[in-house]
Amino acid sequence: MSQLHVINHPMIQHKLTIMRKKETGSKDFRELLKEIALLMGYELTRDLPLEDLEIETPICKTVAKRISGRKLAIVPILRAGMGMVEGLQTLVPVAKVGHIGLYRDEETHNPVVYFCKLPEDIQDRLVIVTDPMLATGGSACDALSMLKERGCNNIRLMCLVGAPEGIERVQREHPDVDIYLAAVDEKLNQNAYIVPGLGDAGDRIFGTK
Ligand code: PRP
Ligand code: URA
């Protein structure tokens, strides 16, 4: 069973509250999302393995630690997942970035794929899928399936706000994928928007409405 990690650090909760407010504009919304992604990334990478490395400081030789094991890839679900990439890149500058383009059909709420471009060696990497909103879970589940079809077997899903319906769906369809969230909200409304949520994340990031 996949694990659900709710990263409810006070700094993250405070920043998320500002993002939720309807009067928060695109510039602040983007900056806060970037900052939260970095803070969440810090927790998401907490269990990465370390190995010893012999180095020489200006004073003496010593053995220090460096991250070992798989290299990372960040895969945002377009569009809104893009808003979390820069924060993670600040933390892991050498991570490669792939893109999966999905949008929810406005009537059926089912995801439609329109783009997929991934690093060639994606199957050898620890993949962090980003998307601020986990609503029905349809987009996340489709993105995870696309990655698995390409051989990925070490994937983590990083979202900002999740609805119970979406969390359950990801856990049911992808029990091997751990989910990282800043908040679990109450429910979905009749348009499959998260309540209380923060509205349409893509529109708020890019100012399209
Ligand atoms: C939003 C969001 C997720 C998806 C979540 O994207 O960024 O990708 O909806 O909903 P789900 O869990 O029910 O699939 P949207 O389809 O609005 O596209 P956009 O990011 O281009 O605005
Ligand atoms: N997509 C969003 O951007 N917001 C929601 O609440 C649900 C799906």
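Please refer to the structure placed before this passage.
Scoring rules and cut-offs
- Each chain has its residues counted from 1, following the order in which its sequence is written.
- Following the order in which they are written, the chains are lettered starting with A and the ligands numbered starting with 1.
- It should be noted that, the model being predicted, local features are given only for residues of pLDDT at least 70 and side-chain atom pairs only at 80 or more, the latter also being counted only at that level, while totals for whole chains, interfaces and linings use all residues.
- The side-chain quantities take in all heavy atoms of the structure and omit both hydrogens and water.
- Only protein chains enter the area calculation, which uses a 1.4 Å probe; residues under 20% of their type maximum are buried, those over 50% are exposed, and those in between are partly exposed.
- Comment: elements are numbered from the N terminus, with helices defined as DSSP H or I runs of at least four residues and strands as E runs of at least two.
- This arc is taken over the directions from the axis of the helix to the C-beta atoms.
- Here a residue is considered near a molecule or strand provided that any single heavy atom belonging to it is located within 4 Å of it.
- Here a polar contact is recorded for every N or O atom pair within 3.5 Å, except that within protein the pair must consist of a potential hydrogen donor and a potential acceptor, and residues adjacent in sequence are included only if both atoms are side-chain atoms.
- Methods summary: accessible areas were calculated by the Shrake-Rupley approach with a probe of 1.4 Å, and residue burial reflects only the protein chains presented.
- A pair of strands counts as paired when DSSP detects no fewer than two bridges linking them.
- In this analysis the probe radius is 1.4 Å and the grid spacing 1 Å, with only protein atoms considered; a cavity is a set of points the probe fits into but cannot get out of, a pocket is an open set with protein on both sides within 12 Å along at least five of seven lines, and lining residues have an atom within 4 Å of a point.
- Grid points are joined across faces, edges and corners, and a volume is the space filled by probe spheres set on the points.
- Here the nonpolar group is Ala, Val, Leu, Ile, Met, Phe, Trp, Tyr, Cys and Pro; Asp, Glu, Lys and Arg are the charged ones; every other residue, Gly included, is treated as polar.
- Here a salt bridge means any side-chain nitrogen of Lys or Arg lying within 4 Å of a carboxyl oxygen belonging to Asp or Glu.
- Should any heavy atoms of two residues lie within 4.5 Å, those residues are considered in contact.
- Pairing of aromatic side chains here covers Phe, Tyr and the six-membered ring of Trp, requires ring centres within 6.5 Å, and sorts the geometry by plane angle: under 30 degrees stacked, over 60 edge-to-face, intermediate tilted.
- Only when the NZ atom of a Lys or the CZ atom of an Arg is both within 6 Å of the ring centre and within 35 degrees of the ring normal do we say a charge sits over the ring.

Draft legend 1. Just helix α5 (residues 164-173), in detail. Taken as a whole, α5 has its buried residues at Gly166, Ile167, Val170 and Gln171. The buried residues of α5 occupy one face: seen down the axis, they fall within an arc of 130 degrees.

Draft legend 2. Focus on the site of ligand 1. Taken together, 15 residues sit near ligand 1, with Arg104, Asp131, Thr136, Gly137 and Ser139 positioned nearest. Within the backbone of Ala135, a nitrogen or oxygen atom sits 2.9 Å from an oxygen atom of ligand 1. Interatomic distance of 2.6 Å between a side-chain N/O atom of Thr136 and an oxygen atom of ligand 1. With the chains in place, 91% of the 500 Å² that ligand 1 exposes on its own is no longer accessible.

Draft legend 3. Just the pairing of strand β2 (residues 50-56), in detail. Within β2, only zero of the seven residues are buried, leaving the element largely exposed. Note that β2 and strand β3 (residues 61-67) share seven bridges and pair antiparallel. Residue pairing in the sheet places Glu54 in a bridge with Val63 of β3.

Draft legend 4. Representation of the layout of surface pockets within the structure. By volume, the largest pocket is sized at about 770 Å³. Lining the largest pocket are 32 residues, with Tyr103, Arg104, Tyr193, Asp200 and Gly202 positioned closest to its centre. If you list the elements that add at least two residues to the lining of the largest pocket, you get β4 (72-78), β6 (99-104), β9 (133-134), α4 (138-149) and α6 (201-206). Residue composition of the lining of the largest pocket, grouped by class: 15 nonpolar, nine polar and eight charged. Empty space within the second largest pocket amounts to approximately 330 Å³. What lines the second largest pocket is a set of 14 residues, among which Ile67, Arg70, Leu72, Val92 and Val94 lie closest to the centre. A per-class count over the lining of the second largest pocket returns eight nonpolar, three polar and three charged.

Draft legend 5. Quick look at the pattern of salt bridges. Within this structure, the stated rule accounts for 14 salt bridges. Between Arg66 and Glu51 there is a salt bridge whose closest N-O contact spans 2.8 Å. Linking Arg66 in strand β3 with Glu51 in strand β2, this pair joins segments that are 15 residues apart in sequence. Classification of Glu51 by relative accessible area gives partly exposed; the value is 30%. With a shortest N-O distance of 3.3 Å, Arg79 and Asp203 are connected by a salt bridge. Here Asp203 lies in helix α6 and Arg79 lies in the loop between β4 and α3 (85-91), a separation of 124 residues in the sequence. We classify Asp203 as buried; its relative accessible area is 12%. The structure contains a network of salt bridges with shared partners spanning Arg79, Asp203 and Lys209.

Draft legend 6. Quick peek at helix α1 (residues 10-20). Where α1 is concerned, the buried positions are Ile12, Lys15, Leu16 and Met19. When α1 is viewed along its axis, its buried side chains cluster within an angular range of 105 degrees and face the same direction. Of the residues in α1, the exposed ones pointing more than 90 degrees away from the buried face are Pro10 and His14. Those residues of α1 that are buried lie in contact with α2 (26-44), β11 (161-162), β13 (183-184) and α6.

Draft legend 7. Expanded view of the packing of aromatic side chains. Following the criterion strictly, the structure yields one aromatic pair and no others. Centroid distance Tyr103 to Tyr114: 6.0 Å. Interplanar angle 35 degrees. Geometry classified as tilted. Separated by 11 residues along the polypeptide, Tyr103 in strand β6 and Tyr114 in strand β7 (residues 111-117) bring together distant segments of the chain. Note that Arg104 overlies the ring of Tyr193, its terminal NZ or CZ placed 5.5 Å from the centroid.

Draft legend 8. Summary view of the environment of Pro93. Mapped onto the elements, Pro93 comes out in the loop between α3 and β5 (96-97). Residues Pro93 and Ile155, 62 residues apart in the sequence, show an inter-C-alpha distance of 19 Å.

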